[in-house]
Amino acid sequence: MRTETKAENGPLDHLVQFYQDESDLHRVVGRYLADGLHAGGIAIAATTPANEQAFEGVIRERGEDPDSARGTERLVVLDAAEIASRAALSGVVDAHLFDAAVAEPLRRAAESGRRLFIFGEIVALLWDAGQVVAAIDLEERWNRLRAEIDFSLLCSYPAGALDAHDDSAFADLRHLHSAVLGAGPGPAAPGEVLRLSSSLSAPKQARAFMTKTLAAWGRGDLIEDAALLITELTANVVVHARSDLTIAISRRDAVVRIAVHDESLISPLPRGLVPTSLSGRGLVLVEAMAVAWGSEVVGEGKTVWVELAAPAAPRPPAL
């Protein structure tokens, strides 16, 4: 069973989680929705009432107020069971019902100009009911909708849901998502590694670690730029991801790679700045100073990596 609509989005735009028990589901999804609210976005959960209550508990633990977010329409809850029962009566997703029940609410929410952070449990309910074709069809529709609306999407399936199907079922699901959660324990790269708790002192500790490592490697030419970048990346984790972090520094030939891992699934996005901006400069600096950078899902969090290289020596003037 091979589908034709591949996930062409970025590494953090259409995620899938295969969870072992409901506590894993509640922890990961609750953090994802809370971090979306913290980032200034709109969190939308198509879920069941039982999971809704658990998610709201985690959102509160993360310092966000779900009641206030509901009142300002920054937290929107859709009934996943109702949508699943109505949208797939014939074994495939009805295009008109999908548009009315899912796409139209998202279009209205997107009119605010805020980014959407969506959790969808509809696919898991369809899969659990034996409607595998409908679940795959719905995943494809999510991907097509991303061409119209900018959003991040997290889908979750119980790990045991795949036991009754052959390996091609998992291959189809993996094919339609940009990343699978739980793929690894964290950043693993040769070089030096430092683990830090989320605190106001973390950027200073990270800067000292970077300076000491590059000096030992004889890369004093990169210390100034690398120290500035690691300070910004670490501060972003403390302020936005609000999690502990791991820094890994590695080298290959003339290139030094800096990787910062945290426990948030919210993708880093450069923001437009005005002269009075007090924040949002970290990724602008990264884009200006790095030879390459990116982000990827690792385990149940993300890693932002940056590569630096010494500038090429100037050519002598032509005679």
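Calculation notes
Residues numbered from 1 in each chain as written. Predicted model: local features only at pLDDT ≥ 70, side-chain atom pairs only at ≥ 80, totals over all residues. Heavy atoms only, no water. Core = buried A, V, L, I, M, F, W, Y, C linked by side-chain atoms within 4.5 Å. Buried < 20%, exposed > 50% of the residue type's maximum accessible area, 1.4 Å probe, protein only. Helix = DSSP H or I, 4+ residues; strand = E, 2+ residues; numbered from the N terminus. Contact = heavy atoms within 4.5 Å. pLDDT = per-residue confidence, 0-100. Expected span 1.5 Å × (residues − 1). Pairing = 2+ DSSP bridges. Axes fitted to C-alpha atoms, helices over the stretch in contact; angles between N-to-C directions.

Asks: For this particular structure, what's the right way to read the nonpolar core?
Replies: The nonpolar side chains of soluble globular proteins are, as a tendency, buried together. Among the nonpolar cores identified, the biggest contains 41 residues, and L106, L116, I122, W142 and Y157 are the most heavily contacted of them. Those elements that place two or more of their residues in this core are β1 (14-19), β2 (42-47), α4 (80-87), α5 (95-110), β4 (116-120), α6 (122-128), α7 (132-145) and β5 (151-158). At 7 residues, the largest contribution of residues to this core is made by α7. With residues near it in sequence (within four places) discarded, L116 still touches I42, I44, L106, A109, A110, I149, D150, F151 and S152. Residues L229, L283, V304 and L308 belong to the second largest nonpolar core, which totals 28 residues.

Asks: Explain the confidence of the model for the chain here, please?
Replies: Detailed reading of the predicted coordinates is not advisable wherever pLDDT is low. Overall, the predicted model of the chain reaches an average pLDDT of 85, with 84% of residues at or above 70. Segment residues 1-7: pLDDT under 50, and 26 contacts once partners within four positions in sequence are set aside and those in other chains are kept. Note on residues 312-316: pLDDT under 50 across the span, and 0 contacts to partners over four residues away in sequence or across chains.

Asks: Help me out: how do you make sense of α7 in this one?
Replies: Because each turn of an α-helix spans 3.6 residues, side chains separated by three or four positions end up pointing in the same direction. If you check α7, its first and last C-alpha atoms are 20 Å apart, about what 14 residues at 1.5 Å a residue would give, namely 20 Å. With 12 of 14 residues buried, α7 is to be regarded as a mostly interior element. If you check which residues of α7 are buried, you get V132, A134, A135, I136, D137, L138, E139, E140, R141, W142, N143 and L145.

Asks: I keep staring at the sheet that holds strand β7 (residues 192-196) and nothing clicks. Help me out?
Replies: Two strands in a sheet stick together by hydrogen bonds in their backbones, pointing the same way (parallel) or opposite ways (antiparallel). Taken in spatial order, the 5 strands of this open sheet run β7-β8-β9-β11-β10, and their pairing is antiparallel. Whereas interior strands pair on both sides, the edge strands pair on one side only; in this sheet they are β7 and β10 (292-298). The average angle at which neighbouring strand axes cross in this sheet is 15 degrees, direction not considered. Across 7 bridges, β10 lies against strand β11 (residues 301-309) in antiparallel orientation. Residue pairing across strands places S295 opposite V304, the latter belonging to β11.

Asks: Can you help me understand the sheet that holds β2 in this one?
Replies: Spatially, the 6 strands line up as an open sheet ordered β3-β2-β4-β5-β1-β6, and their pairing is parallel. Because the sheet does not close on itself, it has two edges, and the strands there are β3 (75-79) and β6 (179-181). Pairwise comparison of adjacent strand axes, ignoring direction, gives a mean angle of 20 degrees for this sheet. As judged from the 5 bridges shared by β2 and β4, these two strands associate in the parallel manner. Each bridged residue has a counterpart across the sheet, and for A43 the counterpart in β4 is F117. On top of the sheet, helix α2 (residues 49-61) reaches β2, β3 and β4; it is set at about 145 degrees to β2, its chief contact. Seen against the sheet, α4 touches β2 and β3 and runs at an angle of roughly 45 degrees to β3.

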